[in-house]
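# Coordinate inspection notes
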Amino acid sequence: RSKFQNIKEKTFAMIKPDAYIHIGKIISIIERSGLQISNLKMTKMSQEDAREFYGEHKGKPFYDGLVNFMSSDLIVGMELVGDNAIKRWRELLGPTNTLVAREQAPNSIRGLFGTDGTKNACHGSDSPGSAFRELNFFFAKTSKLKTQAFFNQCTCC
Ligand code: RTP
Ligand code: MG
């Protein structure tokens, strides 16, 4: 077996609140990339959800702003499957900071749809361990996601 062989992987992708309006275009990019969407859920994160999901960044200067942003509106979580899915999805995302992405990778998802340093359109797991943790957080029967019934809050019907 060559060590350069492609490895079929799963990753966790998430459309953040600032890019929710671009859901169709982002799904088109995923389809054209050849990655498969094997699970998908639209929801909102509570502040508690967002604090846990981004727990590794606790104490960093952007943490509180990130938690507020991520719990501010609808998000879409997806399980993506394909050869080297983790790296391929992060390549489609582009650099973390939208302003850098616009300069260095204008056709990347963050270059096209991001807003600023924290509001950067989409998330992607950074390793197989993160992917496993994040997919479990979002999709497992034992999911720790608290806020799932946002649709009950509809005020028109
Ligand atoms: P992500 O986890 O969302 O896929 O992004 P990433 O690996 O490229 O970036 P990471 O270092 O894990 O940071 C997580 C998220 O925190 C926000 N952030 N804001 N204002 C800032 O300086 C700053 N730095 C990071 C972004 O939303 C980033 O995606
Ligand atoms: Mg990250």
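What counts and how
- Residues numbered from 1 in each chain as written.
- Chains lettered and ligands numbered in written order.
- Predicted model: local features only at pLDDT ≥ 70, side-chain atom pairs only at ≥ 80, totals over all residues.
- Heavy atoms only, no water.
- Buried < 20%, exposed > 50% of the residue type's maximum accessible area, 1.4 Å probe, protein only.
- Helix = DSSP H or I, 4+ residues; strand = E, 2+ residues; numbered from the N terminus.
- Pairing = 2+ DSSP bridges.
- Axes fitted to C-alpha atoms, helices over the stretch in contact; angles between N-to-C directions.
- Contact = heavy atoms within 4.5 Å.
- Core = buried A, V, L, I, M, F, W, Y, C linked by side-chain atoms within 4.5 Å.
- Parallel < 35°, antiparallel > 145°, perpendicular 65-115°, else oblique.
- Left-handed = near helix turned anticlockwise from the far one by under 90°.
- Near = heavy atom within 4 Å.
- Polar contact = N/O pair within 3.5 Å; in protein donor to acceptor, adjacent residues only side chain to side chain.
- Areas by Shrake-Rupley, 256 points an atom, 1.4 Å probe, with all protein chains shown as cover.
- Nonpolar A, V, L, I, M, F, W, Y, C, P; charged D, E, K, R; others polar.
- Arc of directions from axis to C-beta.

## Considering the pairing of strand β1 (residues 8-15)
When you tally the buried positions in β1, you get 6 out of 8 residues, the bulk of the element. Looking at chain direction, β1 and strand β3 (residues 75-83) are connected through 8 bridges and run antiparallel. If you follow Met 14 over to β3, its bridge partner there is Gly 77. Relative to strand β4 (residues 122-124), β1 runs antiparallel, the two being bridged by 3 bridges. By the bridge assignment, Ala 13 is partnered in β4 with Gly 124.

## A look at the sheet that holds β1
Strand-to-strand pairing in sheets goes through backbone hydrogen bonds, with the strands running parallel or antiparallel. Strand order in the open sheet formed by 4 strands is β2-β3-β1-β4, with antiparallel pairing between adjacent strands. Bordering the open sheet on either side are β2 (36-43) and β4, each of which pairs with just one other strand. Strand-to-strand twist of the sheet, defined as the mean angle between neighbouring strand axes without regard to direction, takes the value 20°. Of the strands in this sheet, β1, β3 and β4 are in contact with helix α4 (residues 85-93), which crosses β1 at around 35°.

## Side note on the nonpolar core
With 18 residues, the main nonpolar core has Ile 26, Met 78, Trp 89 and Ile 109 as its most contacted residues. Looking at this core, the elements with two or more residues in it are β1, α1 (23-33), β3, α4 and α6 (109-113). For this core, the element with the highest residue contribution is α1, accounting for 4 residues. Apart from the residues lying within four places of it in its own chain, the contact partners of Met 78 are Thr 11, Phe 12, Ala 13, Ile 15, Ile 27, Ile 30, Ile 37, Asn 39, Leu 40, Leu 135 and Phe 139. Counting 17 residues, the second-largest nonpolar core is a separate cluster that includes Tyr 54, Phe 69, Phe 138 and Phe 139.

## Brief notes about the packing of α1 against α4
Between α1 and α4, whose axes approach to 12 Å, the crossing angle comes to 135°. The angle between the axes of α1 and α4 places the two elements in the oblique class. α4 is crossed by α1, and the crossing has right-handed handedness. For the pair α1 and α4, contact is made by Ile 26, Ile 29, Ile 30 and Ser 33 and by Arg 88, Trp 89 and Leu 92, respectively.

## A few points about the site of ligand 1
Surrounding ligand 1, one finds 13 residues, the nearest of these being Thr 96, Thr 118, Asn 120, His 123 and Gly 124. Contact distances for ligand 1 include 3.0 Å between an oxygen atom and a side-chain N or O atom of His 57. Asn 120 has a polar side-chain atom sitting 2.8 Å from an oxygen atom of ligand 1. Contact with the protein chains removes 77% of the 560 Å² of surface that ligand 1 exposes when unbound. Grouping the amino acids of the shell around ligand 1 by side-chain chemistry returns 3 nonpolar, 7 polar and 3 charged.

## Overview of α1
Restricting attention to buried positions, one finds in α1 the residues Ile 26, Ile 27, Ile 29 and Ile 30. An end-on view of α1 places all buried positions within 155° of arc, on one side of the element. Set apart from the buried face of α1 by more than 90 degrees, the exposed residues are Glu 31 and Arg 32. Buried residues belonging to α1 abut β1, β2, β3, α4, α6 and β4. One or two residues past the end of α1 sits Gly 34, with phi positive at roughly 90°.

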